[in-house]
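Chain by chain, the residues:
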Amino acid sequence: VGRHDRRPAPVDLVLHMHHICSMATHTLSPKRQAQLQEVEDSCLITRARLISRVMTNIFDEELRPLGLVSSQYTLLGSVMRMGMATRAEIGRVNHIDRSTLTRNLKVMMDAGWIEEVADQARGRQRPLRLSKAGEDLLFASIPAWRAGQKRAAKVLGEAGANAIKDVANDIMRG
């Protein structure tokens with residue numbers, strides 16, 4: 001069974017398990033308890049990854065009936081906006097490491113959603129673009145994306161959603 005074949009935990013269960021884990025107690029020295037408390041109270045990576053997992057689960061649940069997962073959906077949209085781009089360009093724009101990008105693109109190319117543009121090759125770089133099937137899938141998935149947006153906005157609240165958009169926009173602007 002592949003990684004994307006597993007049924008993700010419902011969002012409520014993910015949040016509940018995070019709460020349970022944060023309540024676990026151990027016998028620690030006062031110094032270590034204070035250090036642990038500092039991390040629990042202020043760790044940005046823990047919170048960012050929690051938000052990421054919860055958002056991913058929401059969108060994966062909505063996109064699953066179309067045979068998509070959220071990482072594929074975002075790549076479809078990115079490649080569509082770029083028109084034609086090399087793997088390196090796609091990776092840079094999306095802040096995705098080469099191995100993760102290669103793995104995702106292989107699945108999408110095997111499915112016929114993304115294709116190489118052989119006549120536009122520049123040395124070893126072969127640009128990619130959305131195929132007709134990929135473009136059709138992208139636009140057919142918009143209702144599922146809207147459902148995910150609605151659920152995500154409910155979890156994040158207006159201020160949280162705006163904060164995420166603002167930070168992401170700042171990152172994309174460089």
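What counts, and at which threshold
- Residues numbered from 1 in each chain as written.
- Predicted model: local features only at pLDDT ≥ 70, side-chain atom pairs only at ≥ 80, totals over all residues.
- Heavy atoms only, no water.
- Helix = DSSP H or I, 4+ residues; strand = E, 2+ residues; numbered from the N terminus.
- Buried < 20%, exposed > 50% of the residue type's maximum accessible area, 1.4 Å probe, protein only.
- Areas by Shrake-Rupley, 256 points an atom, 1.4 Å probe, with all protein chains shown as cover.
- Salt bridge = Lys/Arg side-chain N within 4 Å of Asp/Glu carboxyl O.
- Contact = heavy atoms within 4.5 Å.
- 1 Å grid on protein atoms, 1.4 Å probe; cavity = no way out; pocket = protein on both sides within 12 Å on 5 of 7 lines; lining within 4 Å.
- Points joined across faces, edges and corners; volume = space filled by probe spheres on them.
- Nonpolar A, V, L, I, M, F, W, Y, C, P; charged D, E, K, R; others polar.
- Core = buried A, V, L, I, M, F, W, Y, C linked by side-chain atoms within 4.5 Å.
- Expected span 1.5 Å × (residues − 1).
- pLDDT = per-residue confidence, 0-100.

## Section: the overall build of the protein chain
Part 1 of the reasoning: Per the secondary structure count, the protein chain includes eight helices and two strands.
Part 2 of the reasoning: Along the protein chain, from the amino end to the carboxyl end, the secondary structure elements read α-α-α-α-α-α-β-β-α-α.
Part 3 of the reasoning: A total of 174 residues make up the protein chain; the buried ones form 26% of that total.
Part 4 of the reasoning: Carbon and sulfur atoms provide 57% of the accessible area of the protein chain, an area that totals close to 12000 Å².

## Overview of the pattern of salt bridges
Part 1 of the reasoning: Inspection of every chain in the model, using the stated rule, returns eight salt bridges.
Part 2 of the reasoning: Across the salt bridge formed by Asp170 and Arg173, the nearest N and O atoms sit 2.7 Å from each other. With Asp170 and Arg173 both in helix α8 (residues 142-173) and three residues apart, the pair spans about one turn of that helix.
Part 3 of the reasoning: According to the relative accessible area criterion, Asp170 is partly exposed, its value standing at 47%.
Part 4 of the reasoning: Overall, Arg173 belongs to the exposed group, its relative accessible area being 63%.
Part 5 of the reasoning: Among the ionic contacts, a cluster of salt bridges with common partners joins Glu61, Glu62 and Arg151.

## A closer look at the environment of Ile90
Part 1 of the reasoning: Relative to the assigned elements, Ile90 resides in helix α5 (residues 87-94).
Part 2 of the reasoning: Residue Ile90 is classed as buried on the basis of its relative accessible area of 0%.
Part 3 of the reasoning: Put simply, Ile90 and Val79 are eleven residues apart on the chain and 7.1 Å apart in space, counted from C-alpha to C-alpha.
Part 4 of the reasoning: Not counting residues within four places of it along the chain, the set of residues in contact with Ile90 comprises Leu75, Val79, Met82, Ala85, Leu101 and Leu128.

## Focus on the layout of surface pockets
Any space left empty among the atoms is revealed by the rolling of a water-sized probe across them.
Part 1 of the reasoning: In this structure, the second largest pocket occupies an estimated 330 Å³ of space.
Part 2 of the reasoning: Thr86, Arg87, Ala88, Gly91, Ile96, Asp97, Arg98, Leu101, Thr102, Arg124, Gln125 and Arg126 together form the lining of the second largest pocket.
Part 3 of the reasoning: Elements represented by at least two residues in the lining of the second largest pocket include exactly α5 and α6 (98-110).
Part 4 of the reasoning: Of the residues belonging to the lining of the second largest pocket, the class tally is three nonpolar, four polar and five charged.

## Re the nonpolar core
Part 1 of the reasoning: By size, the foremost hydrophobic cluster in this structure holds 24 residues, and its most contacted members are Leu68, Leu76, Ile90 and Ile114.
Part 2 of the reasoning: Elements with a contribution of two residues or more to this core: α3 (44-63), α4 (70-82), α6, β2 (128-130), α7 (132-140) and α8.
Part 3 of the reasoning: Here this core gets six residues from one element, more than from any other, and that element is α3.

## Some words on α4
Part 1 of the reasoning: Between the first and last C-alpha of α4 there are 18 Å, a value that for 13 residues agrees with the 18 Å anticipated at 1.5 Å per step.
Part 2 of the reasoning: Buried within α4 are the following residues: Ser70, Gln72, Tyr73, Leu75, Leu76, Gly77, Ser78 and Val79.
Part 3 of the reasoning: Trailing α4 by a residue or two, Gly83 shows a phi angle of about 80°, which is positive.

## A few points about the confidence of the model for the protein chain
Segments scoring low in pLDDT should not have their predicted coordinates read at a detailed level.
Part 1 of the reasoning: Across the protein chain, the average pLDDT comes to 87, with 83% of residues at or above 70.
Part 2 of the reasoning: Put simply, helix α1 (residues 11-23) is where the protein chain has its lowest mean pLDDT, 60, and α7 is where it has its highest, 98.
Part 3 of the reasoning: Counting contacts from residues 1-5, a segment whose pLDDT is below 50, to residues more than four positions away or on other chains yields two contacts.

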